[in-house]
Amino acid sequence: SQKIEQNSEALNIQEGKTATLTCNYTNYSPAYLQWYRQDPGRGPVFLLLIRENEKEKRKERLKVTFDTTLKQSLFHITASQPADSATYLCALTDSWGKFQFGAGTQVVVTP
Amino acid sequence: DSGVTQTPKHLITATGQRVTLRCSPRSGDLSVYWYQQSLDQGLQFLIQYYNGEERAKGNILERFSAQQFPDLHSELNLSSLELGDSALYFCASSAAGGPPKNIQYFGAGTRLSVL
């Protein structure tokens, strides 16, 4: 069955460092992968979309890579700030159009 | 503000009852998605509609049903409610039914408490 895996353990990181999150998937042939941010009690907010023919995408302090051979996406937050503390979700759409989110990884940035 | 409106914000009801959650998508978006998020759990995809038609189905219980109306707003009906149905219910909308324009914009959610 199709599966999306994100590290369930919270990532604790010091302000100014780079946070790196992993999204692994199986039994998908995704053409597009998306990353969202979710704050407690609020709906996810779209951050970045990367296509399978794009190895890397950047937006301000965010960077996403997509390796279809490894079936993995990495999400980086550079120069992290306490305001970056949140849960980050990756999401894939299968060939039937079914949209699925990973369980998310919580990031805690301490001053 | 995402442009997606969900009502009501909070709902408190008893077991066995039936409730209706409402969602108005962003202007111009044709697709609506419903998700359930229990406390400290991930987002569970329930169902997607595109321009009035069911497009994809997730782990939606038979006690739950949804529809999208001609004006594109959507309703999620939850019946024979159980304690375990207590959760945040999110609606999201996107311009298209599939990638690449299926970037989702989420509403603020409806918090359902079943007592």
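In what follows, the accompanying structure is described. (Residues numbered from 1 in each chain as written. Chains lettered and ligands numbered in written order. Predicted model: local features only at pLDDT ≥ 70, side-chain atom pairs only at ≥ 80, totals over all residues. Heavy atoms only, no water.)

### Observations concerning the sheet that holds strand β3 (residues 19-26) of chain A
All names here are of chain A.
For step 1, the next point in the chain: Spatially, five strands are ordered β1-β3-β8-β7-β6 in an open sheet, and the strand pairing comes out antiparallel. Strand pairing shows two members of the sheet lacking a second neighbour, β1 (3-6) and β6 (56-59), which therefore form its edges. Between one strand and the next, the sheet's axes are offset by a mean angle of 15°, whatever the strand orientation.
For step 2, the next point in the chain: The pairing of β3 with strand β8 (residues 72-77) spans six bridges and is antiparallel. Bridge pairing in β8 places T20 opposite H76. (Pairing = 2+ DSSP bridges. Helix = DSSP H or I, 4+ residues; strand = E, 2+ residues; numbered from the N terminus. Axes fitted to C-alpha atoms, helices over the stretch in contact; angles between N-to-C directions.)

### Quick look at the environment of B:C23
Residues and elements named next belong to chain B.
For step 1, the next point in the chain: Structurally, C23 is set in strand β3 (residues 19-24).
For step 2, the next point in the chain: Considering only alpha carbons, one finds C23 and G107, 84 residues apart in sequence, at a separation of 8.0 Å.
For step 3, the next point in the chain: Non-local contacts of C23, meaning those with residues more than four positions away in its chain, are made with V4, T5, V32, W34, H73, S74 and C91. (Contact = heavy atoms within 4.5 Å.)

### Considering the interface of chain B and chain A
For step 1, the next point in the chain: Facing the 23 residues of chain B at the interface are 19 residues of chain A.
For step 2, the next point in the chain: Taken together, the two surfaces of chain B and chain A that pack against each other cover about 1500 Å², and 63% of this comes from carbon and sulfur.
For step 3, the next point in the chain: Of all residues in chain B, B:L43, B:P100 and B:I103 bury the most surface against chain A, accounting for 28% of the area lost on that side.
For step 4, the next point in the chain: Linking chain B with chain A are three residue pairs in polar contact (both at pLDDT 80 or more), by the criterion used here.
For step 5, the next point in the chain: Among the secondary structure elements, those contributing two or more residues to the side of chain B that touches chain A are β4 (31-37), β5 (44-50), β6 (53-57) and β9 (87-94) of chain B. (Buried area = accessible area lost by both parts, 1.4 Å probe. Polar contact = N/O pair within 3.5 Å; in protein donor to acceptor, adjacent residues only side chain to side chain.)

### As for the pairing of β6(A)
Residue and element names in this part refer to chain A.
For step 1, the next point in the chain: Where β6 and strand β7 (residues 62-67) come together, four bridges link them in antiparallel fashion. Across the sheet, the residue bridging to K57 is V64, located in β7.
For step 2, the next point in the chain: Hairpin connection between β6 and β7: a loop of two residues separates the two successive antiparallel strands, and E60 in this loop has a positive phi of roughly 55°.

### Overview of the sheet that holds strand β1 (residues 5-7) of chain B
All names here are of chain B.
For step 1, the next point in the chain: The four strands are arranged β1-β3-β8-β7 in an open sheet whose pairing can be described as antiparallel. In the strand order of this sheet, the two ends are held by β1 and β7 (64-68), each with one partner. Averaged over neighbouring strand pairs, the angle between their axes works out to 15° when direction is ignored.
For step 2, the next point in the chain: With five bridges joining them, β3 and strand β8 (residues 74-78) adopt antiparallel strand pairing. By the bridge assignment, L21 is partnered in β8 with L76.

Purely spatial values, then, with no claim about function.
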